[in-house]
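# Structural overview for review
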Amino acid sequence: MKVTPEVLAEVALTEEEYQLIVDKLGREPTLVELGMFGAMWSEHCGYKHSRPLLKRFPTDGPRVVQGPGENAGAVDIGDGLVAVLKIESHNHPSAVEPYQGAATGVGGIVRDIFTMGARPVALLNSLRFGPLDEPRNRYLFSGVVGGIGGYGNCLGVPTVAGDIFFDPGYSGNPLVNAMCVGIARRDELMRARASGPGNLVLLVGADTGRDGIHGATFASVEDPEKSHRGVVQVGNPFLEKLLMEACLEALRTPHVVAMQDLGAAGLTSSTVECASRGGVGIEIDVAKVSRREAGMTPYEVMLSESQERMLVIVRPEGLDEVRAIFDHYDLHFDIIGVVTDDGLVRVRDGEEVVAEVPARLFTDECPVYVRDAAESPVIAALRARDVRAVPDLADRDGAGVTPAEALLRLLASPNIGSREPVTRTYDSTIMTNTVLGPLMGDAAVLRVKGTSFGLAVKTDCNPRYGYLDPYLGGVHAVAEAARNVSCVGAEPIAVTDCLNFGSPERPEGYYQLTRAIDGMADACRALGVPVVSGNVSLYNESGDAAIPPTPTVGVLGRLADVRRHAGMGFVAGGAVYLVGPLEATLGASEYLALIHGQVAGAPPALDLALEAAVQRAVRSAIAAGLVVAAHDTSEGGLAVAVAESCIAGGIGGRFDLAPVLRANGGRRDVALFGEAGARVLLQAPPGGKAALEAHLRAHDVPFQHLGAAGGDALVIEGLLAVPLAALTRAWRGALAQ
Amino acid sequence: MRFGVITFPGSNGDHDALMAVELGLRQPVEAVWYRDTDLSRFDALIIPGGFSYGDYLRAGAIARFTPVMGAVARFAEAGGPVLGICNGFQILTEAGLLPGALLRNQQLTFVSTWVHVRVESNRTCWTAGMTPGEVLRLPIAHGEGRYYADPETLARLEANGQVIFRYTDAAGNVTPEADPNGAVNAIAGIANERGNVVGLMPHPERAFDALIGSDDGLKILSAVLTAGVDAATARS
């Protein structure tokens, strides 16, 4: 075969990588093999820049049943059950075709979960867009939200939580991270490890077409806009629903030894990974693969990313029983090959062998790169800027921006205001487990039928923190997601993460990646939460600019008694406290960006020991029934958090922030809208003041009484007084057309 | 009383209906696949929500041609109680077992939220024993739930007391804001003339436990336990 730079560019391999393949194989690869190497050695499948860094995460813990390396992670939740979780990006497809890109992102993550033998019970999504006043961003936003709802609603898995952030850094490169949580019996958990030479390899579901060829490679190069539309797949949630039911039923028979969904790099990655994990070989015949269109080459069949397909490894004696299940659901399947004992992935086209490569060459021998890291001096200078140089808020009308004006503008900010226009389009009540759905609490809470416990889930990441200090960005992403889960009363037990970054081949990009991972790892250790699964999406760039570092974190929590949970809305009468430090900073704050147009300053430092103590105190207070409302204080600071809990509860309140003002040098802006970690608003039930205070003292966490809820206005003594209706109107309008 | 839950490829509310009957009503229940044509073992049928056949042509338009729907029509003809929820309601209108149609929501987007509905009549199998004027809190989740009937049909439905659920505010008042999809006359659910076949867009099967937001749905599902017996007696 003649290998030209054009051929290598097509498969996104370097000259050196090509030479490595020749050396390892002892010959020139065939065209099919080269395409398979291109896909498997892409960043998306091969993690060639991130693999050494991911080892820094803690991945062990008493509840961990399956850590990273499988289709999804799994943690023990009690009563013989495990929760299975994973988050994954679909950024590049969504930048080109937002509806289908997002829809197939949901489809892919759901397959990762049921492949493990788990029933998917919850979907979340973490989304990033450029500002909505640019029509292209509005189009991407509407398309992505439509695709998520269109797929998830049809599938019948509730979409219960997520997060959305807008920043100019995402114009042209939106982020779509989809997360799914499933539940399985621990003893029925399935792994994607082929075994048993002679066992049959079945390809179930959709026919194979030319859609999505080179999708994995596409996700690993810069500037998706330059690529063409044909690489984006089209989703069919109706077929996925049948596939899900049939696969879960087939897995309950004793005949299925492994299952693997076809995602990025289609048949190539599914056969390679199944064989490699199982330490066996797989031989398939592409001529047996049902096609959507005529004239497809073996190369195209091996690299197609047609959706809603599963690879199922079945014992021959169980074939009839498995066939009956797929027939019941009107699903087509082909027997495309067998498991072998030679460790080779052998691809035939009828009689002709078109590829024959040891499976581990694709996986274990994928080259790994360590790059130079150096921080961008521009960002270092922005971080060093003195953000207190901005004028404080006015102390009277006519003397500049007043506290009330700033509060209303923050509530109307797309980064803070109501997500209801989005969440209203997602089915959040199907499956009858949703105890706290969208907008009801800091995280979603689900019951687990047949048990007394519950699960809590949330995604988070503040990319402005990550931009100004990637280490602190990583710390805060983990801390905030865990804090949100603690605020509904759950103990965080597992993390799944999606690392969205720019090119690692530039020193400043590699610096961001490494520092964010260090921050996440430190926070996970301090909070005692292992990383059990994840995904890496690099090369998120458009033109010359990389996205802000976005290490999205999904946290799963467990409530021992699901009835003991807390929402975020205040109720009439109960005393309200700030738990955690009084000191805050304007650095990297939403306030500074919105009111002063500056993305600058250092993000809040975080005392992880205090963070852990505050979260423990909060969730134990909720479990003890001492709390009626709990709300994390993050973007927008204390005043925004108080306003959000007032809006959620449909009630005003009267608060005195004098101690907070004093702790922040008398700065009204810092006291009201400065940001800090390890801070939570708690409300005691009416008459429950003494009990909650005693609890917080026993946990040795700092706390400050702020006031009580009541009335129809939010009053902060000496600083602002705004009718609840005005707050609610501003907040509700944030994402309106 | 034995319940059957009619299930098509793409149904996704079937499991919730099974759970609501099993855990909420504590009655025997089983799923019925769309190819089944023998419904003689059931005392009541639920056609659950979802996206039967992907809703690819029009919600409910393909499901109506399945073998099981002929058996459902015979079951209803004999006076057996049938409840169509969401996609099930759409299927019942497509099959001609209930009048009118469900159009795309006025706002053209899917809507998932909690609503209040007022019970307008207790002269059906699925509202028996309830008090007209009573307000229930139920979830909705649909893209094509805007009830429509031509003026003549609508007048007949209203005159006969076949409009049995109407969207209202928490106090039971019909307001423009309380109608989540632009349904004509704020109609959330209707019955056939005989009162044994009922269709509604809200999901009673998702409201069988206060822990998940409401147990008002049980009032609808359990109404048939007494009313259904009468219907069954009338059939035999």
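Residues numbered from 1 in each chain as written. Chains lettered and ligands numbered in written order. Predicted model: local features only at pLDDT ≥ 70, side-chain atom pairs only at ≥ 80, totals over all residues.

### Things to note about the domain arrangement of chain A
Note the threshold: All the domain ranges listed were derived from an automatic or database domain assignment.
Each assigned domain of chain A is listed with its residue range as follows: domain 1 (1-41 + 191-367) and domain 2 (379-411 + 566-737). In this structure, domain 1 of chain A and domain 2 of chain A have C-alpha centres spaced 51 Å apart.

### Details of the sheet that holds strand 15 (residues 444-447) of chain A
All names here are of chain A. Defined as follows: Strands qualify as paired when DSSP identifies two bridges or more between them. Helix and strand assignments come from DSSP, with helices taken as H or I runs of at least 4 residues and strands as E runs of at least 2, each series counted from the N terminus. Angular values range over 0 to 180 degrees, each being the angle between N-to-C directions of two axes fitted as lines to C-alpha atoms, with helices fitted over their stretch in contact. C-beta atoms are placed from the backbone for every residue, and two residues are taken to be in contact when these atoms lie within 7 Å.
A sheet is described by the order of its strands in space; here six strands give the open sequence 14-15-16-21-17-18, paired in mixed fashion. Each edge of the open sheet is held by one strand with a lone partner, namely strand 14 (434-436) and strand 18 (531-537). Averaged over all adjacent pairs, the angle separating strand axes in this sheet is 20 degrees, with direction ignored. The strands touched by helix 20 (residues 507-527) within the sheet are strand 17 (491-500), strand 18 and strand 21 (550-559), with strand 17 carrying the most contacts at an inclination of about 175 degrees.

### A look at the interface of chain B and chain A
As a reminder, the rule being used: When residue character is reported, Ala, Val, Leu, Ile, Met, Phe, Trp, Tyr, Cys and Pro are called nonpolar, Asp, Glu, Lys and Arg charged, and the others, Gly included, polar.
With 20 residues of chain B at the contact, the number on the chain A side is 24 residues. At the level of secondary structure, the elements contributing two or more residues to the side of chain B that touches chain A comprise helix 1 (14-25), strand 6 (111-119) and strand 7 (135-142) of chain B. With three residues, the top contributor of residues to the side of chain B that touches chain A is strand 6 of chain B. Split by residue class, the side of chain B that touches chain A holds 10 nonpolar, eight polar and two charged.

### Here we look at the sheet that holds strand 2 (residues 73-78) of chain A
Think of a sheet as strands paired side by side through backbone hydrogen bonds, with each pair either parallel or antiparallel. Residues and elements named next belong to chain A. One open sheet accounts for six strands, arranged 1-2-3-6-4-5; its pairing is mixed. The sheet is open, and its two borders are formed by strand 1 (64-66) and strand 5 (159-166), each paired with just one other strand. Here the strands of the sheet are splayed against their neighbours by 25 degrees on average, with no regard to which way each runs. Relative to strand 5, strand 4 (residues 119-129) is paired through seven bridges, and the arrangement is parallel. Across the sheet, the residue bridging to L123 is T159, located in strand 5. Packed onto the sheet, helix 8 (residues 135-155) meets strand 4, strand 5 and strand 6 (175-185) and runs at close to 180 degrees relative to strand 4.

### Topic: unusual backbone geometry
To keep it simple, the criterion reads: Whether a residue is buried, exposed or partly exposed is read from the other C-beta atoms within 10 Å of its own C-beta, which are placed from the backbone; 20 or more gives buried, 12 or fewer gives exposed, and intermediate counts give partly exposed.
The backbone phi angle of A:Y47 is positive, close to 50 degrees, even though this residue is not glycine. Take A:Y47: it is sitting in the loop between helix 4 (43-46) and helix 5 (51-54). On the basis of neighbour count, A:Y47 is assigned to the partly exposed category, with 19 C-beta atoms found within 10 Å. With a phi close to 55 degrees, B:Y53 is a non-glycine residue in the positive phi region.

### Concerning the pairing of strand 21 of chain A
Residue and element names in this part refer to chain A. Most of strand 21 sits inside the fold, with 10 of its 10 residues counted as buried. Residue alternation in strand 21 divides its side chains into two sets, T550, T552, G554, L556 and R558 and P551, V553, V555, G557 and L559, and both sets are buried. As judged from the seven bridges shared by strand 16 (residues 454-460) and strand 21, these two strands associate in the antiparallel manner. Following the sheet pairing, D460 is matched in strand 21 by V553. Here nine bridges tie strand 17 to strand 21, and the two strands are oriented antiparallel to one another. Pairing of A494 across the sheet is with L556, part of strand 21.

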